[in-house]
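Here are the chains, one letter per residue:
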Amino acid sequence: MSVGHYENFPVGSILLPRRMRRAVHAIYHFARYADDVADEGEAEAHERWAELDRLEADLDRIARGEPPRIALMAPLAAAIVEHALPLQPFRDLLSAFRQDIGKTRYQSFGELVDYCRRSANPVGRLMLALYGETDARSLAQSDGICTALQLINFWQDAAIDWQKGRVYLPQEDLARFGVTEEQIAAGRCDAKWRALMRFEIERARKMLQAGAPLGRTLRGRLGLELRLIVMGGERILQKLHASDGDVFRQRPRLNGRDWAYMIWRACRAR
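Here, residues in each chain are numbered from 1, in the same order as that chain's written sequence. Where local features are concerned, this predicted model is filtered to residues with pLDDT of at least 70; where side-chain atom pairs are given and counted, the filter is 80 or more; whole-chain, interface and lining totals use all residues. Processing note: side-chain calculations cover all non-hydrogen atoms of the structure and skip hydrogens and water entirely.

Notes on the overall build of the protein
Part 1 of the reasoning: Strands are runs of DSSP state E lasting at least 2 residues, helices are runs of H or I lasting at least 4, and numbering of each runs from the N terminus. In terms of regular secondary structure, the protein is built from 14 helices and 0 strands.
Part 2 of the reasoning: Moving toward the C terminus, one meets the helices and strands of the protein in the order α-α-α-α-α-α-α-α-α-α-α-α-α-α.
Part 3 of the reasoning: In this setup the radius of gyration rests on C-alpha atoms only. A globule is expected at 2.2 Å times the number of residues raised to 0.38. For the protein, whose C-alpha radius of gyration is 19 Å, the value lies close to the compact-globule estimate of 18 Å for 270 residues.
Part 4 of the reasoning: For the protein, the C-alpha atoms occupy an extent of roughly 55 × 50 × 30 Å along the three principal directions.
Part 5 of the reasoning: Per-residue burial over the protein gives 51% buried out of 270 residues.
Part 6 of the reasoning: Contacts are assigned to residue pairs with any non-hydrogen atoms lying within 4.5 Å of each other. A separation threshold of at least 6 residues defines the contact pool for the protein, and within that pool the share at least 24 residues apart is 67%. Relative accessibility under 20% of the residue-type maximum defines a buried residue, over 50% an exposed one, and the middle range a partly exposed one, all with a 1.4 Å probe and only protein chains included.

And the structure:
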């Protein structure tokens, strides 16, 4: 799931059972608000930290069976109680958002994956919890899908993130392929950049494929939703590869034809 306003979050999807929509909306609004606290507006770093601390304090109140103090948290508290949702995924999200306030570079791929573990994987785990799917294999496959989707989002947004002062491509990979941040700033898609992007695309593809069987294991609407999400990630990777990773001229995105094909495939892949 993309941290940047959760582009892959199935909020409001007609595929969601009605009884779960309210809970999904509450989770989404919590995640989006906390993400915006970390990244948007003109607030100073200490003010952002303080607001995230307030959200964490309300999680503590919910854990104790006390009503939250922030209005935004009331629907979330109701969802947590109704569906017996674990609190750790919410705490992991807040941990990632705190990191966003001051960290703009990642030295290694392992460091980046750890960030994804806290910024993306919790959303998948919460969706599984809503459906009562909490076995170790499903959780591991969900983590693989969510981390892959987060990485795909980083790769397709490399140019946009640079404008925001962020570089999610691991520094060790930039050095390995001889790509500099000055090159990203200049939008130069040369042989070095293409080699780097092919490497990162393949990494994300393998991770996405490792988790993909979950979409066929899960039944009903959740399985269909998940198959669509995985296919969306695969399609973005295909577009990235076809463009030689040139995200400077055009950010790859899904169009109507992509969605029609994905829906057809998702309905057949049972």
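A look at the pattern of salt bridges
Pairing between side chains becomes possible if they bear opposite charge and their charged atoms approach one another.
Part 1 of the reasoning: Any Lys or Arg side-chain nitrogen located within 4 Å of an Asp or Glu carboxyl oxygen qualifies as a salt bridge. Inspection of every chain in the model, using the stated rule, returns 22 salt bridges.
Part 2 of the reasoning: Between Asp258 and Lys239 there is a salt bridge; the shortest N-O distance is 2.6 Å. Here the residue Asp258 occupies a position in helix H14 (residues 256–268), and Lys239 occupies one in helix H13 (residues 220–242), the gap between them amounting to 19 residues. For the residue pair Asp258 and Lys239, the accessibility class agrees, reading buried in each case.

With respect to helix H5 (residues 109–119)
Part 1 of the reasoning: Listed in full, the buried residues belonging to H5 are Phe109, Leu112, Tyr115, Cys116, Arg118 and Ser119.
Part 2 of the reasoning: Those residues of H5 hidden inside the fold are in contact with helix H4 (88–102), helix H6 (121–130), helix H7 (136–156), helix H9 (171–177) and helix H11 (191–211).

Digging into the side chain of Asn121
Part 1 of the reasoning: Mapped onto the fold, Asn121 is located in helix H6.
Part 2 of the reasoning: Since its relative accessible area comes to 6%, Asn121 is described here as buried.
Part 3 of the reasoning: If we ignore the near neighbours within four places in the chain, the residues touching Asn121 are Cys116, Asp143, Cys146 and Thr147.

So, the packing of aromatic side chains
Between two aromatic rings, the relevant description is the distance of the centres plus the angle of the planes.
Part 1 of the reasoning: Working definition: rings of Phe, Tyr and Trp (its six-membered ring) pair if their centres are within 6.5 Å, and the pair is stacked with planes under 30 degrees apart, edge-to-face with planes over 60 apart, and tilted otherwise. Tallied over the full model, the rule gives 9 aromatic pairs.
Part 2 of the reasoning: Ring centres 5.4 Å apart and planes at 85° place the aromatic pair Phe30 and Phe90 in the edge-to-face group. Of this pair, Phe30 sits in helix H1 (residues 18–39) while Phe90 sits in helix H4, and the two are 60 residues apart along the sequence.
Part 3 of the reasoning: What makes Phe90 buried here is its relative accessible area of 0%.
Part 4 of the reasoning: Ring geometry for Tyr106 against Tyr115: centres 5.6 Å apart, planes inclined by 45°, an arrangement best described as tilted. Each member of the pair Tyr106 and Tyr115 is classed as buried.
Part 5 of the reasoning: Note on geometry: a ring has a charge over it if NZ (lysine) or CZ (arginine) is within 6 Å of the ring centre and within 35 degrees of the ring normal. Taking the ring centre of Tyr106 as reference, the NZ or CZ of Lys103 above it sits at 5.0 Å.

Let's talk about the nonpolar core
Part 1 of the reasoning: Grouped together as the largest cluster of nonpolar side chains are 42 residues, with contacts concentrated most on Leu151, Phe154, Trp155, Leu169, Trp193, Leu208 and Leu240.
Part 2 of the reasoning: Only H5, H7, helix H8 (158–163), H9, H11 and H13 provide two or more residues apiece to this core.
Part 3 of the reasoning: The element that contributes the greatest number of residues to this core is H7, accounting for 8 residues.
Part 4 of the reasoning: Ignoring anything within four residues of it in the chain, the contact list for Leu240 reads Trp155, Gln156, Met197, Ile201, Gly245, Val247 and Pro252.
Part 5 of the reasoning: By size, the runner-up hydrophobic cluster in this structure holds 32 residues, among which are Leu16, Met20, Val37 and Leu126. Definition used in this section: a nonpolar core is a set of buried Ala, Val, Leu, Ile, Met, Phe, Trp, Tyr and Cys residues joined via side-chain atoms within 4.5 Å.

Structural notes on the environment of Gly245
Part 1 of the reasoning: Along the polypeptide, Gly245 turns up in the loop between H13 and H14.
Part 2 of the reasoning: Separated by 55 residues in the primary sequence, Gly245 and Asp190 place their C-alpha atoms 9.9 Å from one another.
Part 3 of the reasoning: Among all residues touching Gly245, those that are not within four sequence positions of it are Trp193, Met197 and Leu240.

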